[in-house]
Amino acid sequence: MRATPTDLCRLAEDCITISQTLGDGWSGHQDGLSVPASAAGDVTGAGALATAHGKAVQQAATAIGRLVGVLEIDSDGLMLCAFDISGADEKAAEGFENVPRPSPGPSPQPTPAPPGRTPTPPVPTPSPSPGPSPTPPAPTPTPGS
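On a predicted model such as this, the values are computed, not experimentally measured, just so you know.

Each value, and the rule that gives it
- Residues numbered from 1 in each chain as written.
- Predicted model: local features only at pLDDT ≥ 70, side-chain atom pairs only at ≥ 80, totals over all residues.
- Heavy atoms only, no water.
- Helix = DSSP H or I, 4+ residues; strand = E, 2+ residues; numbered from the N terminus.
- Buried < 20%, exposed > 50% of the residue type's maximum accessible area, 1.4 Å probe, protein only.
- Contact = heavy atoms within 4.5 Å.
- Areas by Shrake-Rupley, 256 points an atom, 1.4 Å probe, with all protein chains shown as cover.
- Patch = residues over 30% accessible without salt bridge, like charges linked within 9 Å, V, L, I, M, F, W, Y side chains within 5 Å.
- Salt bridge = Lys/Arg side-chain N within 4 Å of Asp/Glu carboxyl O.
- Lys, Arg positive; Asp, Glu negative; His and termini not counted.
- Charge placed at Lys NZ, Arg CZ, Asp CG, Glu CD.
- Expected span 1.5 Å × (residues − 1).
- Polar contact = N/O pair within 3.5 Å; in protein donor to acceptor, adjacent residues only side chain to side chain.
- Core = buried A, V, L, I, M, F, W, Y, C linked by side-chain atoms within 4.5 Å.
- Axes fitted to C-alpha atoms, helices over the stretch in contact; angles between N-to-C directions.
- Parallel < 35°, antiparallel > 145°, perpendicular 65-115°, else oblique.
- Left-handed = near helix turned anticlockwise from the far one by under 90°.
- Nonpolar A, V, L, I, M, F, W, Y, C, P; charged D, E, K, R; others polar.

Caption draft 1: Here's a closer look at the overall build of the protein. In terms of helices and strands, the protein carries two helices and zero strands. Residues classed as buried in the protein amount to 10% of the 145 residues present. Within the protein, counting contacts between residues at least 6 apart in sequence, those at least 24 apart form 83% of the total. In the form shown here, the protein has an accessible surface area of approximately 12300 Å², with 63% of it arising from carbon and sulfur atoms.

Here you go:
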């Protein structure tokens, strides 16, 4: 798997968005989960039921709060990782820019002609005709045929 700094930043933004949505959704509905002790009526164990319900709501609040915190910490970690990768890329690029490059050297020269011989210029070769091929000449009649 290959991750770019841009991908990591996008993922960090997603973590923050999810943590905010989760936190806002919980706090917007947490009050609706509060039940007075009298709601269970006067049956045996009504008080224990109301107490257990209150503890369950508190446990859920703790769990969701921790999950929101983990998502925020993960977002921070992803951003730091993106910056580290980006910094490492920049440092590597600077290293390549500072590498001395060899000079290209002289241009190649044509091979000299052997002594006593003058070079002949190349003769262009004709390209084939793009049109139809010519028809062969008609055979000439021979005497006696």
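Caption draft 2: Local environment of a negative patch on the surface. On the surface, D89, E90, E94 and E97 cluster together into a negatively charged patch. Note that D89 resides in helix α2 (residues 46-97). Residue D89 is classed as partly exposed on the basis of its relative accessible area, which comes to 47%.

Caption draft 3: Focus on α2. Taking 1.5 Å per residue, 52 residues should reach 76 Å; α2 reaches 77 Å between its end C-alpha atoms and fits that length. All of the buried residues in α2 are A46, A50, V57, A61, I64, V68, L71, S75, L78 and A82. Structurally, α2 contributes buried residues whose contacts are with α1 (5-29).

Caption draft 4: Up close: the side chain of S75. Take S75: it is sitting in helix α2. For S75, the side chain forms a polar contact with the main-chain oxygen of A12, separated by 3.0 Å. In contact with S75, not counting residues within four places along its chain, are A12, C15 and I16.

Caption draft 5: Spotlight on the pattern of salt bridges. One pass over the structure, following the stated rule, counts one salt bridge. As a salt-bridge pair, R10 and D7 come within 3.5 Å of each other at their nearest N and O atoms. Of this pair, R10 and D7 both sit in helix α1, three residues apart, which is roughly one turn of the helix.

Caption draft 6: Quick peek at the nonpolar core. Within the largest apolar cluster, six residues are counted, these being L8, A12, C15, L71, L78 and A82. Among the secondary structure elements, those contributing two or more residues to this core are α1 and α2. Excluding residues that lie within four positions of it along the chain, A82 makes contacts with P5, L8 and C9.

Caption draft 7: Focus on the packing of α1 against α2. Viewed as axis vectors pointing N to C, α1 and α2 meet at an angle of 165 degrees, and their least axial separation amounts to 8 Å. It follows from the interaxial angle that α1 and α2 lie roughly antiparallel. Helix-helix and strand crossings are classified by hand; for α1 and α2 the assignment is left-handed. Classifying every residue of the contact of α1 with α2 gives 22 nonpolar, four polar and two charged.

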